[in-house]
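Architecture at a glance
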Amino acid sequence: MDLELWHLARDIAADPEAAGQFRSARVSELADAYERGELRAQRAVAGFLSRYGHRGVAEIDLGMPRWSDEPAHILGVLANYLRLDNEDLAPDAMFARGAQEAERAVRTIVAMAAAKGRLRGRLAAFALRRTRMFAGLRELPKYYAVEVLAAVRRSMRVVGEELVAKDVLDSADDVYFLDLRETRQALTGGSLRELVAGRRAAYEQEVRRRHVPRMLLSDGTEPEALAVRAETGEGALTGTPASAGTVTGTARVVLDPIGAHLEPGEILVAPSTDPGWTPLFLTAGGLVMEMGGSMSHGAVVAREYGIPAVVGVADATHAIVTGATITVDGSGGIVSIAG
């Protein structure tokens, strides 16, 4: 999916009119043009969304919009890709380097195993190559599950439209704040506006929450925050090493990937990530994440793309501001903020 999105960006770049529209317009303007059917790359973008439009940010949540519902995220990513002028940082080049490094690692391990016996070497070669061949299959169950959830979401929206027609709800999207029992009852009549308004207000409050402590003591103390303050010096934050390497660059704090602007080489600072964030990694120079461990989504993707990453950095999106120069030590788990 990521490489197909990159190839789509390259096709757009080859069309001067389409590239000009993406480079000059704001993401909201691109989204409006797409909705009107006036995007220069309308057919190409529609083709991508027809195949991958069921994906989205927090896609396990039925209430969250898919890319096909709100294409602004994908359009923003494409606009970011068109700003990438360093061929060495191009996603296809990065994937090719990763494949070459993996092959070198396989040959090294096989040689070490063969030194202890020819049969052991052959078994190591067989196991490693099969692992590389089939490892991607672990993502298929999630992919198909998300497809099913997207279909359920579309069905729920049809019900929401019916409830709007019955004057039970103000918006079809309000149906996502009801459970199935309430939805069935609503089809028989009666207003649910007050119930939905209360739940929407609570949801919007939680969306604005910047930090969720992983542990709290009975007196409200957050042990992790105390440990961070004790262990770090001035202008430094600590977390979990997630992807080796060190990079210094400009920070970009992103709380919502939809429409996010990330210049090539900027260091992505986020509360957490899921597959809906993945396209941003292709132009990021590094990653700092407030939540997660070494096997979290952001950590795994950062290693796949070869960018330094530190995760589990408490209060990162508050302590780091967009435009600040920071150094990410993905081996030591240290994020240094320039004074």
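The structure reproduced in this document is the subject of the present report. All of these numbers come straight from a predicted model, not from anything done at the bench.

**A look at the packing of aromatic side chains**
- Tallied over the full model, the rule gives six aromatic pairs.
- Taken together, a centroid distance of 5.8 Å and an interplanar angle of 75° make the contact between Phe 177 and Tyr 203 edge-to-face. Of this pair, Phe 177 sits in the loop between helix 8 (140-165) and helix 9 (180-186) while Tyr 203 is found in helix 10 (residues 193-207), placing the two residues 26 residues apart along the sequence.
- Judged by its relative accessible area of 16%, Phe 177 falls in the buried class.
- Under the relative-accessibility criterion, Tyr 203 is labelled partly exposed at 35%.

**Side note on the sheet that holds strand 7 (residues 325-329)**
- Strand order in the open sheet made by the eight strands is 1-8-7-3-4-5-6-2, with mixed pairing throughout. Strands with a single pairing partner mark the edges of an open sheet, and in this sheet they are strand 1 (236-238) and strand 2 (240-243). Pairs of neighbouring strands in the sheet enclose a mean axial angle of 30°, with direction left out of account.
- Note that strand 4 (residues 267-270) and strand 5 (residues 286-289) share four bridges and pair parallel. Along strand 5, the bridge assignment pairs Ala 270 with Met 289.
- Running at roughly 40° to strand 2, helix 13 (residues 297-305) makes contact with strand 2, strand 5 and strand 6 (309-311) of the sheet.

**Some points on the side chain of Glu 290**
- Among the secondary structure elements, Glu 290 is positioned in the loop between strand 5 and helix 13.
- A relative accessible area of 3% places Glu 290 in the buried class.
- Of the polar contacts made by the side chain of Glu 290, one reaches the side chain of Thr 317; its length is 2.7 Å.

Rules behind the numbers
Residues numbered from 1 in each chain as written. Predicted model: local features only at pLDDT ≥ 70, side-chain atom pairs only at ≥ 80, totals over all residues. Heavy atoms only, no water. Phe/Tyr/Trp six-rings, centres within 6.5 Å; stacked < 30°, edge-to-face > 60°. Helix = DSSP H or I, 4+ residues; strand = E, 2+ residues; numbered from the N terminus. Buried < 20%, exposed > 50% of the residue type's maximum accessible area, 1.4 Å probe, protein only. Pairing = 2+ DSSP bridges. Axes fitted to C-alpha atoms, helices over the stretch in contact; angles between N-to-C directions. Contact = heavy atoms within 4.5 Å. Polar contact = N/O pair within 3.5 Å; in protein donor to acceptor, adjacent residues only side chain to side chain.

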